[in-house]
Amino acid sequence: MELWIPITIAAAFLQNVRSALQKHLTGHLSTTGATFVRFGYGFPVAVAYVVFLHYGTDASWPALHARFWGFAMGGGISQIFATFMLVHLFSLRNFAVGTAYSKTEPLQAAIFGVVILGDVTSVGATIAILVGLAGVVVISVAHAPRTAGGVASSLTSRGALIGLASGACFGLSAVLYRASSLSLEGDGSPGFLMQAGFTLLCVTGFQTVMMTVYMLLREPGQITAVRGQWRMGALVGLAGVLGSIGWFTAMTIQNVAYVRALGQIELIFTFGASYFFFREKINKAEVAGVTLIAACIVILLMDRI
């Protein structure tokens, strides 16, 4: 089994944990505050991880350059917008369906990957991505009236459009992160773990600064509120950064579209959390959508093994 596969599955699980914890914060913090905690509380964990890689594994510090910073900051900004929109979705639809809207990301990441990096997916992987997309569409219309108008209304609703925009921003940020990490290759390359870890460190630090400045200017009361939620915030930050370490590492060694397509296994974890922890009902259409996503994962794994 290729290394990126178990790393991606672990990252998807941790991201699901982070999202579940983050949902609890939406009742105590604004959308901006709930978005900030994954960066602000996660940054110290990223620092500790990179320090461990350098001193614990003798990984060398990478040589930085303008191209690296351009990709890293572009990805960081895109992820902030994506996370903001995803957190906002929690207030519009239930936990599982709100997450599903953003899962058009693999298809959009495939397009960004071709344009920015020249990464091309195989026929099997493309089929897997399309099957997964079909699953997301089925889930997104699961609670719509069973009429053409009802389905169309669901697909063009405010929540759907925000979800699509969130997926686009997540897809773009993932491709830019891969570009940033790969730009550290060359003479004296620190290895894929440090490339991924250092990229994560720089991005998380940049995002923390940006979000802090924004809150000081626009929502100063949220700074105090975020500090007041430090226990849950620390858990969100820990789960978020551990998941991000997995994502960044997997995307450094494999095409982003493949990684994010397999990462849709998170949606299966999400439905488990939705049913067992939040006691939200799951109907037959949602089950059908999850089945299609499972088929997407099987097709992708068969293509890669």
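The structure displayed is predicted, hence computed values, not measured ones.

A. The arrangement of the confidence of the model for the chain in detail. When pLDDT is averaged along the chain, the result is 84; 88% of the residues meet or exceed 70. By mean pLDDT, the top-scoring element of the chain is helix H3 (residues 43-57) (95), and the lowest-scoring one is helix H8 (residues 148-155) (55).

B. Molecular detail of the side chain of threonine 199. Structurally, threonine 199 is set in helix H10 (residues 192-218). Setting aside chain neighbours within four positions, we find threonine 199 in contact with Phe68, Tyr177, Ser180, Ser181, Leu184, Met194 and Phe248.

C. Focus on the nonpolar core. Among the nonpolar cores identified, the biggest contains 50 residues, and Trp4, Phe198, Trp247, Phe248, Met251 and Leu300 are the most heavily contacted of them. The element contributing the most residues to this core is H10, with seven residues. The next biggest cluster of nonpolar side chains, apart from the first, holds 14 residues, and it includes Leu25, Leu29, Ala34 and Val226.

D. Region of interest: the environment of alanine 295. Here alanine 295 is to be found in helix H15 (residues 284-304). Of the residues examined, alanine 295 reaches a relative accessible area of 30% and is grouped as partly exposed. Sequence-wise, alanine 295 and alanine 128 are 167 residues apart; in three dimensions their C-alpha atoms are separated by 7.6 Å.

E. Structural detail: the packing of aromatic side chains. Taken as a whole and assessed by the stated rule, the structure comprises four aromatic pairs. Ring geometry for phenylalanine 68 versus tryptophan 69: centroids 5.2 Å apart, planes at 75°, classification edge-to-face. Assessed through its relative accessible area of 0%, phenylalanine 68 is described here as buried. The class of tryptophan 69 is partly exposed, set by a relative accessible area of 33%. Taken together through their ring pairs, the aromatic side chains of Trp61, Phe68, Trp69 and Phe198 make up a single cluster. The lysine or arginine in question, arginine 260, covers the ring of tryptophan 247, its NZ or CZ lying 4.0 Å from the ring centre.

Basis of the calculations
- Residues numbered from 1 in each chain as written.
- Predicted model: local features only at pLDDT ≥ 70, side-chain atom pairs only at ≥ 80, totals over all residues.
- Heavy atoms only, no water.
- pLDDT = per-residue confidence, 0-100.
- Helix = DSSP H or I, 4+ residues; strand = E, 2+ residues; numbered from the N terminus.
- Contact = heavy atoms within 4.5 Å.
- Core = buried A, V, L, I, M, F, W, Y, C linked by side-chain atoms within 4.5 Å.
- Buried < 20%, exposed > 50% of the residue type's maximum accessible area, 1.4 Å probe, protein only.
- Phe/Tyr/Trp six-rings, centres within 6.5 Å; stacked < 30°, edge-to-face > 60°.
- Lys NZ or Arg CZ within 6 Å of the ring centre and 35° of its normal.

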